[in-house]
Amino acid sequence: MPSEIKDTYYVGIGASAGGLESLEQFFTAIPSDTGMVFIVVQHLSPDFKSMMDELLERHTQMPIDVIKDGMITEPNHIYLIPPRTNLSIYHGKLFLEEQAMREQIPLPIDSFFKSLATDQEENAVGIILSGTGSDGTVGLKAIKEKSGLVIAEDQKSAKFDGMPRSAISTGLVDYILAAKDMAEELVHYIKHPVVHEQDTQEPSEKSQDELTRASMIMRNHCGIDFSSYKETTMIRRINRRIKVNRLHSFKEYVSYLAESEEERNILRRELFIGVTGFFRDEDAFAKLEEKVLPQIDFEKDTIRVWSAGCSTGEEVYSLAIMLQEHMHQINSKAEVKIFATDVDEYALEMAGTGYYPDSLLANVEPKLITRYFIKKTDGFQVKESIRKMIVFAKHNILKDPPFSRLDMLVCRNLFIYLKSEKQHQVLEKFYHSLHPNGFLFLGSSESIGDLSVAYKVVDSKWKIYQYKPGYRPATISNVTYSDRRAQRVDQNDDQNQMIRIEKVLQQGLESISPPSIVIDSKEQIIHVVNDVSSFIKTQPGRFSNNFNSNMSKELALFIHNLMRRLKSDRTSSIVQPIGFLGDNQKHLTLKGYLLEIQKTDFFFISFIEADKEENESLVEVDMSDEVNERVQHLEQQLQQAREGLQATVEELETSNEELQSSNEELIASNEELQSTNQELQSVNEELYTVNKEHQAKIDQLTESNNDLNNLIRNTEIGALYLDNKLQIRRITPIMTSLTNIRESDIGRPISHLTVMDQYPSLTDDIYKVLDTLESMEKEIYSSDGSYWFSKIRPYRTEYNSVDGIIVTLMEITNLKNEQSKVNRGEKRLSTLMDQGKLAWWEFNVPENHFVHAPKRSEMLGYKNSDFPKCLEELLEIVHEDDKEKVANEIELVQTGKKESFNISYRMLHNDQSYVWFHDQGEVVEKDDQNYPVKLAGIVTMLHSNK
């Protein structure tokens, strides 16, 4: 087990039209502490400022950032792609690139998913949400190839199902769920305690045994021996399936694999994952055009190419297009035969149809798309001119014999899955397959190993090699592979009985019939009864089953006439004497039977011979009658054919001219419509996204506006909003009851109105605030006895610019009444304290600072400014006999040992006499440690000179 295992998962989320709702549901359900990094890639309008970050903030507690170039990612964060950019990732760092101005629709989701797969491998997660088109499908294949997790939104829950449907059609999606249900599976997947044995160089002995069992189960299921695959590749794929199925061990998965046919099919697809594409590695194809095609002899009749492991066909069609373009340039008329093979029947079926989504043609030049593809709904169809160059067939390069005399052999990204010894065996097979001037084209991460003696390097970077004469490989015994299914050796009784009956009928027919042949409606000999060697003789030239090619012209003429009469008269049998043919001393008679089986005509022709002596009375047949009859029949058919052909040619010439003209117009119109349609589709997706964001923002604004209106109506505050021209923009109900302004005055300048009788200078003050930008406050007394607090302030926008004036009125009648009560109480208290010779004091313990009522200094004849402000100064004017007592009492309270004190002592009057005081104090505030912070008390003057 490795010392360190990466545990940060990077979740790429692709969404387009209708994706906002899905994103909101997804992030509402996902916890904020999963440790994952979420990167959202959308189709955004280049001229629109996205509000996605503001909209998603309401559905998650995770921080949301709009990506900047070079941004370092952090777990539990959400990152959003900005408009007009493509995104890539390298070692967890995000990089932006301006989208190129090209005719094809940009595919930012595919671009990022492929980068994510390369950078994070098995820690990559790709999620496809609602959207139109097929963006993301290619990227998901790349993630799956690196053993990452792939999730697609259920088509039923997606607002637009184009992108999810395209992803699901690959058969590689691990989970198909509604957006709100993805969180549970995703969290379970990343926290699954699966053993990371795929990172080790060699699997353990226990895992090796289980791997062997899994290979045996898969061999019996699909007839392919996966023991030729690298063990680490197999274990990585299986470990991923363990996590997806929520299992806990390799052994448990093997048992599950044996029981579930669905799981066997899924594992089979995952082991066959073929990440391919049109003109994948464009530089590699450029090298083929530069270094390989000029060396192939296009003067010969046939060019032979083999694409081994062709997967879904994108690469083999790329080869065909490249060859077609080259032949057009050099004006070659050679026939090109491309053999495209794979063991995956599902991939071959897709390749054979030649239909691909728009996103798969992103790297193809527009002129090639126009020339070699036909636009269909949501995709393109390969034209027949390219399709007929290719023969697709199931073929196992480890088991089946290879093709031969090849000018070029292409096998890319297949060896990376095979063990090294298997690679060596296949390369030796390839050597025998190539023409002495043939070329081998491998994947960029593959090599020929120690077979440099067999292949000459043409381009080392892109792994292009050429046949090197003189290499003699060692003889290798054939490797045994099992059949697709264990075949039964014994046949059941019914089958044996049928075989016996067939043999009896065959022998019976041979016993009672003269030498005969059975001819089908296409004049092919399909069966022979008894010895017909006297009548059938193979003619020189290419062999054919046609009866005309296997007998003399004279005999063929008679049989032809006999068949014509049987067919035209629809009689069951006809006997036709012929006489003596050539040097034959026996008389020949033909007997024909018409057999109609399942509405198909068959002719049973018998040859009956008799000795010459036995047929003395028979007259030899004149061949000229037969020939004349045959010629006359053929001339009639020829005349009818000529007349029909002439009429057809005239009609075709007329139609061809019209069609040619119409075709040229349609081609031009089709190109314009195709370009316009792609642009409109892209714009439509962008508009839908923008509209959805605007709608969400409008909902928020409506909600905020409702909150504000309710706040204004239900608070006792009047507000008057004026725009920058001092025209009334909004007024609250309280303001209408206090002023002369009504709802109907909205839009009128404030200067046209007498606003408030109790505040005649209101308009002047508004202009003053607008000029100075300083707030102004006033208290207003109403005629009904109420008081109002008025505040005039500049109205500032989000960017702190002034956009008008706001005037607020808040009733303060209760405040004024309470204030009046307080003032009266304070006046009474002051009178009582004066009469009772009382004074208050406060002492701040940490600051050692006294605050006294002026009355205290007055009672001792001091000015308030000259009275002691700290404890030490206060003790200086305390009588010597009382000083220690006072200091001790205050210290006890200061240190928290007592809560209060109550003492009498003498203090020095300004006239140098002593005055008696009674002092009561207590702790009124403590700190966090429960120590006194502030003391307060009242001192009462008793009498002087006591």
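Note: the structure precedes this text.
Note that the structure is a prediction, hence the values are computed from the model and not measured.

Visitor: Any chance you could explain the nonpolar core here in plain terms?
Guide: A general tendency of soluble globular proteins is for nonpolar side chains to be buried together. Core analysis: the biggest nonpolar cluster contains 48 residues, and L288, L361, F373, I390 and F392 have the highest contact counts within it. Here this core gets 8 residues from one element, more than from any other, and that element is helix α12 (residues 314-330). Among residues more than four places away in sequence, those in contact with I390 are V316, Y317, A320, I338 and A340. Membership of the second largest hydrophobic core comes to 47 residues, among which are I238, I397, F415 and L451.

Visitor: What's the story with the pattern of salt bridges in this structure? I'm lost.
Guide: Pairing between side chains of opposite charge can happen when their charged atoms approach one another. Tallied over the entire structure, the rule returns 31 salt bridges. The partner of R371 in a salt bridge is E325, with the nearest N and O atoms 2.7 Å apart. Note that R371 is positioned in helix α14 (residues 366-372) and E325 in helix α12, a separation of 46 residues in sequence. One network of salt bridges, in which partners are shared, links K144, D174, R240, R241 and E263.

Visitor: What exactly am I supposed to notice about a nonpolar patch on the surface here?
Guide: Together, W840, V851 and I938 give the surface a local cluster of nonpolar side chains, amounting to about 240 Å² of exposed area. As for its position among the elements, W840 is in strand β31 (residues 838-844).

Visitor: Is there a simple way to explain the sheet that holds strand β26 (residues 717-722) in this structure?
Guide: Strands pair in a sheet through their backbones, by hydrogen bonds, and they do so in one of two ways: parallel or antiparallel. Within the open sheet, the 5 strands sit side by side as β27-β26-β30-β29-β28. Their pairing is antiparallel. Strand pairing shows two members of the sheet lacking a second neighbour, β27 (728-731) and β28 (776-781), which therefore form its edges. Adjacent strand axes in the sheet meet at a mean angle of 20°, parallel and antiparallel pairs treated alike. The pairing of β26 with β27 spans 3 bridges and is classified as antiparallel. Within β27, the position partnered with L720 by the bridge is I731. Running over the sheet, helix α21 (residues 762-772) touches β26, β28, β29 (787-796) and β30 (802-811) and is turned about 35° from β29.

Visitor: How do you make sense of the packing of aromatic side chains when you look at a structure like this?
Guide: Aromatic rings considered in pairs are described by the distance between their centres and by the relative angle of their planes. A complete count under the given rule lists 28 aromatic pairs for this structure. Geometrically, the ring pair formed by W306 and F403 is edge-to-face, given 5.1 Å between the ring centres and 65° between the ring planes. One end of the pair, W306, is in strand β11 (residues 302-308); the other, F403, is in the loop between β16 (390-394) and β17 (406-411), and 97 residues separate them in sequence. Lying across the ring of F380, K375 places its NZ or CZ 4.9 Å from the centre.

Visitor: Would you mind showing me how to read the packing of helix α3 (residues 108-120) against helix α4 (residues 137-145) here?
Guide: Packed helices, taken two at a time, are described by the angle between their axes plus the distance between the axes. Look at α3 against α4: their axes get within 7 Å of each other, and the N-to-C directions meet at 5°. Viewed along their axes, α3 and α4 adopt a mutual orientation that is roughly parallel. Contact with α3, carried on its side by D110, F113, K114, L116 and A117, involves T137, V138, G139, L140, A142 and I143 of α4 and no other residues of that element. Across the contact of α3 with α4, the residue classes tally to 7 nonpolar, 2 polar and 2 charged.

Rules of the game
Residues numbered from 1 in each chain as written. Predicted model: local features only at pLDDT ≥ 70, side-chain atom pairs only at ≥ 80, totals over all residues. Heavy atoms only, no water. Core = buried A, V, L, I, M, F, W, Y, C linked by side-chain atoms within 4.5 Å. Buried < 20%, exposed > 50% of the residue type's maximum accessible area, 1.4 Å probe, protein only. Helix = DSSP H or I, 4+ residues; strand = E, 2+ residues; numbered from the N terminus. Contact = heavy atoms within 4.5 Å. Salt bridge = Lys/Arg side-chain N within 4 Å of Asp/Glu carboxyl O. Patch = residues over 30% accessible without salt bridge, like charges linked within 9 Å, V, L, I, M, F, W, Y side chains within 5 Å. Areas by Shrake-Rupley, 256 points an atom, 1.4 Å probe, with all protein chains shown as cover. Pairing = 2+ DSSP bridges. Axes fitted to C-alpha atoms, helices over the stretch in contact; angles between N-to-C directions. Phe/Tyr/Trp six-rings, centres within 6.5 Å; stacked < 30°, edge-to-face > 60°. Lys NZ or Arg CZ within 6 Å of the ring centre and 35° of its normal. Parallel < 35°, antiparallel > 145°, perpendicular 65-115°, else oblique. Nonpolar A, V, L, I, M, F, W, Y, C, P; charged D, E, K, R; others polar.

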